Amino acid sequence: MACSAGKFQSSTGQSVCMNCPVGTYSNSSSYKCYDCGVGKYNSVVGSALCKNCPSGKYSSNTGETDCIECDFGKYTNNVGNSICNNCPAGTYTNDKGSSECIICAAGKYSYAGSIQCKNCSAGKYQSIVGASMCIDCPVGYFSGINIGQTACTVCPSGRYQPNIGSDGCIKCEPVYYSTIGVTVCTRCPSGTFSEEGW
């Protein structure tokens, strides 16, 4: 006896076909049911085919009755997935079952597989979106305690900074002066003076 799709007959001479169980399927005239492949599932008995896992979900084993949501920091943006992908560096997702990742704003960064973006720390900045790292402030500049900066601040006159990645500027000593954004203070000309920080 030939069975219709979604049913099977395991023994010869029987007049009744049985439904394929969940997680399996069969073609017409089949004597057995087949497990759904990876990336697919079936939650209904007597099925002729298995369904692809939708975006944001996956199945890594055969014979699955449902798909699994991608974990935090992971995503899939197509169907029939056997794994989820890490969100690329510069992006994140803090939801399960994500089909896309969110781009980090300027002043922030993230590593691959992140569930959130991190603020640039003091002494660093990032002016672009979707960054995987922050950049040290150059010499003559700083970024202070307000983390997550998109730009560094130039050292004002009377102060200097010879190092990169600084969170502040250094006052010029008495009898020394500076213009903005310098790495060293200049001694006052003979016969002149300045107070500290001028």
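Calculation criteria
Residues numbered from 1 in each chain as written. Predicted model: local features only at pLDDT ≥ 70, side-chain atom pairs only at ≥ 80, totals over all residues. Heavy atoms only, no water. Helix = DSSP H or I, 4+ residues; strand = E, 2+ residues; numbered from the N terminus. Buried < 20%, exposed > 50% of the residue type's maximum accessible area, 1.4 Å probe, protein only. Contact = heavy atoms within 4.5 Å. Areas by Shrake-Rupley, 256 points an atom, 1.4 Å probe, with all protein chains shown as cover. Lys, Arg positive; Asp, Glu negative; His and termini not counted. Charge placed at Lys NZ, Arg CZ, Asp CG, Glu CD. Salt bridge = Lys/Arg side-chain N within 4 Å of Asp/Glu carboxyl O. Phe/Tyr/Trp six-rings, centres within 6.5 Å; stacked < 30°, edge-to-face > 60°. Disulfide = S-S within 2.5 Å.

Asker: Help me understand the overall build of the protein chain in this model?
Answerer: Across its full length, the protein chain carries 0 helices and 22 strands. When burial is assessed residue by residue, the protein chain has 31% of its 198 residues classed as buried. Put simply, of all contacts in the protein chain between residues at least 6 apart along the chain, 33% involve residues at least 24 apart. Here the protein chain displays about 11,300 Å² of accessible surface, and carbon together with sulfur accounts for 52% of that area. One finds the centroid of the 13 positive side-chain charges in the protein chain at a distance of 7 Å from the centroid of its 12 negative side-chain charges.

Asker: When you look at the pattern of salt bridges in this model, what are you seeing that I'm missing?
Answerer: One side chain can pair with another of opposite charge once the charged atoms of both are near each other. By the definition in use, this model includes 1 salt bridge. Put simply, Asp 136 and Lys 124 hold a salt bridge, and the shortest N to O gap is 2.6 Å. Placement of the pair is Asp 136 in strand β16 (residues 135-136) and Lys 124 in strand β15 (residues 124-125), with a sequence separation of 12 residues.

Asker: Explain the packing of aromatic side chains here, please?
Answerer: For any pair of aromatic rings, the description consists of the separation of the ring centres together with the inter-plane angle of the planes. This structure, assessed with the given rule, holds 2 aromatic pairs. Measuring from ring centre to ring centre gives 5.9 Å for Tyr 25 and Tyr 34, while their planes differ by 40 degrees; the resulting arrangement is tilted. Under the relative-accessibility criterion, Tyr 25 is labelled partly exposed at 23%.

Asker: Just to check I follow, could you spell out the state of the cysteines for this structure?
Answerer: Two cysteines whose sulfur atoms are joined by a covalent bond form what is called a disulfide. For the coordinates displayed, the defined rule picks out 11 disulfides. A sulfur-sulfur separation of 2.0 Å characterises the disulfide bridge that pairs Cys 87 with Cys 101. Given an S-S torsion of about -85 degrees, the disulfide between Cys 87 and Cys 101 has left-handed geometry. Highlighted residues: Cys 87 in the loop between β10 (85-86) and β11 (91-92) and Cys 101 in the loop between β11 and β12 (102-103), separated in sequence by 14 residues. The class of Cys 101 is buried, set by a relative accessible area of 18%. The structure places no disulfide on Cys 188, whose sulfur is separated from the nearest cysteine sulfur, that of Cys 172, by 8.9 Å.

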